[in-house]
Amino acid sequence: MKKLLVAFAAVAAFSAHAETIKVAASPVPHAQILEFVKPALAKEGVDLQIKVFTDYVQPNVQVAEKRLDANFFQHQPYLDEFNKAKGTHLVSVGAVHLEPLGAYSSKFKKLDELPSGANVVIPNDATNGGRALLLLANNGLITLKDPTNILSTTKDITANPKNLKFRELEAATLPRVLTQVDLALINTNYALEAKLDPSKDALLIEGSDSPYVNILVTREDNKDADAVKKLIAALHTPEVKQFIEEKYKGAIKPAF
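We now turn to the structure provided with this report. This structure is a prediction, so every number in the text was calculated from the model and none was measured.

Reading the values: the criteria
All residue numbers here refer to positions counted from 1 along the written sequence of the relevant chain. Local features in this predicted model are restricted to residues of pLDDT 70 or higher, and side-chain atom pairs are both shown and tallied only at a pLDDT of 80 or more, whereas totals for entire chains, interfaces and linings draw on every residue. Where side-chain values are given, they derive from all heavy atoms of the structure, hydrogens and water being excluded. Interaxial angles span 0 to 180 degrees and are taken between N-to-C directions of axes, which are lines fitted to C-alpha atoms, for helices over the stretch in contact. Numbering of helices and strands starts at the N terminus; helices are DSSP runs of H or I of at least 4 residues and strands are runs of E of at least 2. Crossing handedness: left-handed means the near helix sits turned counterclockwise from the far one by under a right angle, and right-handed means the same turn made clockwise. Contacts are residue-level and defined by heavy atoms, with any inter-residue pair within 4.5 Å sufficient. By this definition, two strands are paired if DSSP reports at least two bridges between them. One less than the residue count of a helix, multiplied by 1.5 Å, gives the span that helix is expected to have. Relative accessibility under 20% of the residue-type maximum defines a buried residue, over 50% an exposed one, and the middle range a partly exposed one, all with a 1.4 Å probe and only protein chains included. Working definition: a ring pair exists when centres of Phe, Tyr or Trp rings (six-membered ring for Trp) sit within 6.5 Å. Plane angles under 30 degrees give stacked, over 60 give edge-to-face, the rest tilted. Each reported salt bridge corresponds to a side-chain nitrogen of Lys or Arg within 4 Å of a carboxyl oxygen of Asp or Glu. Residues belong to one nonpolar core when they are buried, are Ala, Val, Leu, Ile, Met, Phe, Trp, Tyr or Cys, and are joined through side-chain atoms within 4.5 Å. For a residue, the bend is simply the angle between two axes, fitted respectively to the seven-residue segment ending there and the seven-residue segment starting there.

As a further point, take the packing of helix 2 (residues 27–43) against helix 8 (residues 226–235). Between helix 2 and helix 8, the shortest axis-to-axis distance is 10 Å and the interhelical angle comes to 115°. The interaxial crossing formed by helix 2 with helix 8 has right-handed handedness. Residues Ile33, Leu34, Val37 and Leu41 of helix 2 lie in contact with helix 8, whose contacting residues are Lys230, Leu231, Ala234 and Leu235.

Shown next as structure tokens:
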């Protein structure tokens, strides 16, 4: 009974003094990585509360509106475009990992098997859509007006030898339509959720030189908060690097 009272007292003491930080995250791998660092943060007096989202809009909206303190789901090009489009002033406080974008097919084992007029789906947000087109261009499937423009759209395609038919869909829905199309360009977090193995199943995948590193994001007025500093420090430990390498086996790569 005495031990139980001591345990209750410890919990009460932690609750009374803990800093709370509410962080939005995609289910895989972001929420999983945050769950991994949660015990270490608790020892430092930080109560990490993880709010899982499956879309790419609300996590930024809710941080900007101060309903949440930070988010962990996006890369810098997406954040830049979101800030520009929405008039927000969200900022990165550190890079954590890279999720290479991949091209997947349930019908074909090799790219050269793609027929003329193949149906291809890409993410409908500007940065990931451009990213998908750059991956296809870098592998000779199409030619773009400016092969360095990360915001390229299908209107920028200048050569399309296989006459690929492009359709844009919300990134989260792409794994669900994989069996209905010939090729789908899928973000690794959604590929993993759909039980795809990027290192084995992707017909094409970005290299380690990709600029789309995933970042921890908050508001300008919150970037120097003690809990935010402790969180990014916790995400940059050797233990997190080992966790990412062992759990995701190369499908996701540490970026610190």
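Now, onward.
This next bit is on the sheet that holds strand 9 (residues 165–169). Sheet architecture is open: five strands sit in the order 9-6-10-5-11, paired in mixed fashion. Edge positions in the sheet fall to strand 9 and strand 11 (204–205), since each has one partner strand and no second. With two bridges connecting them, strand 5 (residues 102–104) and strand 11 associate as antiparallel partners. Within strand 11, the position partnered with Gly102 by the bridge is Ile205. Along the sheet, helix 5 (residues 126–138) contacts strand 5, strand 6 (119–123), strand 9, strand 10 (183–186) and strand 11; its crossing angle with strand 6, the most-contacted strand, is approximately 135°.

Between its first and last C-alpha atoms helix 5 spans 18 Å; for 13 residues at 1.5 Å apiece the expected length is 18 Å, and the two agree. With 11 of its 13 residues buried, helix 5 lies for the most part within the structure. Residues Thr127, Asn128, Gly129, Gly130, Arg131, Ala132, Leu133, Leu134, Leu135, Leu136 and Ala137 constitute the buried set of helix 5. The first or second residue beyond helix 5 is Gly140, which carries a positive phi of 80°.

To continue, consider the packing of aromatic side chains. In the structure shown here, the tally under the stated rule is seven aromatic pairs. Between Phe36 and Phe243, the ring centres sit 4.3 Å apart and the planes meet at 15°, which makes this aromatic pair stacked. In this pair, Phe36 is assigned in helix 2 and Phe243 in helix 9 (residues 238–248), connecting sequence segments 207 residues apart. Judged by relative accessible area, Phe243 falls into the buried class, the value being 18%.

So, on to the pattern of salt bridges. One side chain can pair with another of opposite charge once the charged atoms of both are near each other. Enumeration according to the criterion identifies nine salt bridges in this entry. In this structure, the salt-bridge partner of Arg67 is Glu65, at a minimum N-O distance of 2.5 Å. Judged by relative accessible area, Glu65 falls into the partly exposed class, the value being 47%. Via salt bridges that share partners, Glu19, Asp226 and Lys230 belong to a single interconnected network.

Time to look at the sheet that holds strand 13 (residues 253–254). Spatially, 2-1-3-12-4-13 is the arrangement adopted by the six strands of the open sheet, whose pairing is mixed. In this open sheet, the two strands that pair with only one neighbour each are strand 2 (46–52) and strand 13. Strand direction decides the pairing type here: strand 4 (residues 90–98) and strand 13, joined by two bridges, are antiparallel. In the strand pairing of strand 13, His97 is matched with Pro254. Across the face of the sheet, helix 8 comes into contact with strand 1 (19–25), strand 2, strand 4 and strand 12 (213–219) while running at roughly 60° to strand 1.

Looking now at the nonpolar core. Judged by nonpolar contacts, the single largest core of 29 residues is most densely connected at Val23, Leu34, Leu48, Leu231 and Leu235. Mapped by element, the contributors of at least two residues to this core are strand 1, helix 2, strand 2, strand 3 (70–75), helix 8 and helix 9. When sequence neighbours within four positions are dropped, the list of residues in contact with Leu231 reads Ile21, Val23, Leu34, Val37, Leu41, Leu48 and Leu216. In this structure, Phe108, Ile122, Leu135 and Leu204 belong to the second largest nonpolar core, which totals 23 residues.

This part covers helix 2. Relative to the 24 Å expected for 17 residues at 1.5 Å per residue, helix 2 spans 24 Å between its end C-alpha atoms, a close match to the ideal helical length. If you look at helix 2, its biggest bend is around 35°, right at Val37, and the proline Pro39 turns up within four residues after that. If you check which residues of helix 2 are buried, you get Val28, Pro29, His30, Ala31, Ile33, Leu34, Val37 and Leu41. Phi for Gly45, located one or two positions after helix 2, is positive at around 80°.

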